[in-house]
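Each chain, letter by letter, is given below.
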Amino acid sequence: MSRERGAAVGLGGALAAALLAWGAMDTGATPRPRSMAEPRLRSHDQAREPELRRVNVISSRPHDRTAYTQGLVLHAGELYESAGDFRRSSLRRVDPPTGVVKQRLNLPDTIFAEGLALVGDRLIQLTWQNRVAFVYDRATFREVGRHSYDTDGWGLCYDGTRLVMTDGTSTMYFRDPDTFEAVGQVEITSRGRPLREVNELECVGDTVYGNVFR
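Below or above, wherever it landed, is the structure these notes cover. (Residues numbered from 1 in each chain as written. Predicted model: local features only at pLDDT ≥ 70, side-chain atom pairs only at ≥ 80, totals over all residues. Heavy atoms only, no water.)

1. Quick look at the overall build of the protein
Scanning the protein for helices and strands turns up zero helices and 17 strands. Excluding contacts between residues fewer than 6 apart, the proportion of contacts in the protein whose partners are at least 24 apart in sequence is 53%. (Helix = DSSP H or I, 4+ residues; strand = E, 2+ residues; numbered from the N terminus. Contact = heavy atoms within 4.5 Å.)

Now the structure itself:
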């Protein structure tokens, strides 16, 4: 995954943590309590101006150079990876220190895998233009469901309440983690202009980190 810039998109809270090196954060934590009266973020809600940041690489790990990395989730000492491209998309469980692929599920040749998020014991994997999200059991990689959507699929993360998704445009969507129903959206801007191609998202507290492609 070759990325040059990162955008931190604030959703109304203090900055929780910095995104380190190759960008995997644990998004499989127990969801935070949510009051029934707590409003969902809708298109007219305001977010902080994104902060454009340069990556400071503090360490590196071995990695399969044939994997076109699209999504990463670090959970319980293991790295889950969504690798893309037609005819070579896969879902992987990787040993972080060694880069060894411990478990792998190859997807059909017509699928281009994209962003990845962990919700409880379920991994949710986007596809680029196939407009389907695959849902897997985390332990076995067995498919346990599918969701459809009407945009491209790029980045995905889970904030403990909602899934956060991008599609290559400047729109960031919020989706129900169980039904994948859209529950809101915001426009990503930088200095007043639309910021497009925000990819590989990580939810950290009330902040979303995203790699800006190209």
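2. Comments concerning the state of the cysteines
Considering all chains together, one arrives at one disulfide under this definition. The disulfide partner of Cys157 is Cys203, and the S-S distance across this bridge is 2.0 Å. Handedness here is read from the sign of the S-S torsion; for Cys157 and Cys203, about 65°, the answer is right-handed. Note that Cys157 is positioned in strand S11 (residues 156–158) and Cys203 in strand S17 (residues 198–212), a separation of 46 residues in sequence. Here the two residues Cys157 and Cys203 agree in accessibility, since each one is buried. (Disulfide = S-S within 2.5 Å. Buried < 20%, exposed > 50% of the residue type's maximum accessible area, 1.4 Å probe, protein only.)

3. Some thoughts on the environment of Tyr158
Within the fold, Tyr158 resides in strand S11. Looking at Tyr158, its side chain comes within polar contact range of the main-chain oxygen of Gly160, at 3.1 Å. (Polar contact = N/O pair within 3.5 Å; in protein donor to acceptor, adjacent residues only side chain to side chain.)

4. A word on the packing of aromatic side chains
Applying the stated criterion across every chain yields a total of seven aromatic pairs. Ring geometry for Tyr68 against Phe112: centres 6.2 Å apart, planes inclined by 70°, an arrangement best described as edge-to-face. Residue Tyr68 is located in strand S3 (residues 68–75), and its partner Phe112 is located in the loop between strand S6 (101–106) and strand S7 (113–119); the two are separated by 44 residues in the primary sequence. Here Phe112 falls in the buried class, since its relative accessible area comes to 8%. Between the aromatic rings of Trp154 and Phe213, the centroid separation amounts to 6.0 Å while the plane-to-plane angle is 75°, which identifies the pairing as edge-to-face. A residue pair is termed long-range when its members are at least 10 positions apart, and Trp154 in the loop between strand S10 (143–148) and S11 and Phe213 in the segment after S17 qualify at 59 residues. (Phe/Tyr/Trp six-rings, centres within 6.5 Å; stacked < 30°, edge-to-face > 60°.)

5. Brief notes about the sheet that holds strand S5 (residues 90–94)
Here four strands make up an open sheet; going across it, the order is S3-S4-S5-S6 and the pairing antiparallel. With one partner strand each, in any of the chains shown, S3 and S6 form the two edges of the open sheet. Averaged over all pairs of adjacent strands, the angle between their axes in this sheet comes to 20°, without regard to strand direction. Judged from the seven bridges that link them, S3 and strand S4 (residues 78–84) form a sheet pairing that is antiparallel. Within the sheet, the bridge partner assigned to Thr69 lies in S4 and is Ala83. (Pairing = 2+ DSSP bridges. Axes fitted to C-alpha atoms, helices over the stretch in contact; angles between N-to-C directions.)

6. Side note on the sheet that holds strand S13 (residues 171–175)
The sheet built from four strands is open, its strands ordered S11-S12-S13-S14 with antiparallel pairing. For this open sheet the edge positions go to S11 and strand S14 (182–187), each flanked by a neighbour on one side alone. Neighbour to neighbour, the strand axes of the sheet diverge by 20° on average, direction disregarded. Of the pairings in the sheet, the one linking strand S12 (residues 163–166) to S13 comprises four bridges and is antiparallel in character. Following the sheet pairing, Met165 is matched in S13 by Tyr173.

7. Structural notes on the pattern of salt bridges
On inspection of all chains with the given rule, the structure shows ten salt bridges. Here Glu78 ties to Arg93 by a salt bridge, and the two come within 3.0 Å at their closest N and O atoms. With a gap of 15 residues between them, Glu78 in strand S4 and Arg93 in strand S5 connect regions that are remote in the sequence. Overall, the relative accessible area of 18% leaves Glu78 in the buried class. A salt bridge links Arg146 to Glu143; the nearest nitrogen and oxygen atoms lie 2.5 Å apart. Judged by relative accessible area, which is 54%, Arg146 ranks as exposed. Where salt bridges share partners, they join Glu78, Arg93 and Lys102 into one cluster. (Salt bridge = Lys/Arg side-chain N within 4 Å of Asp/Glu carboxyl O.)

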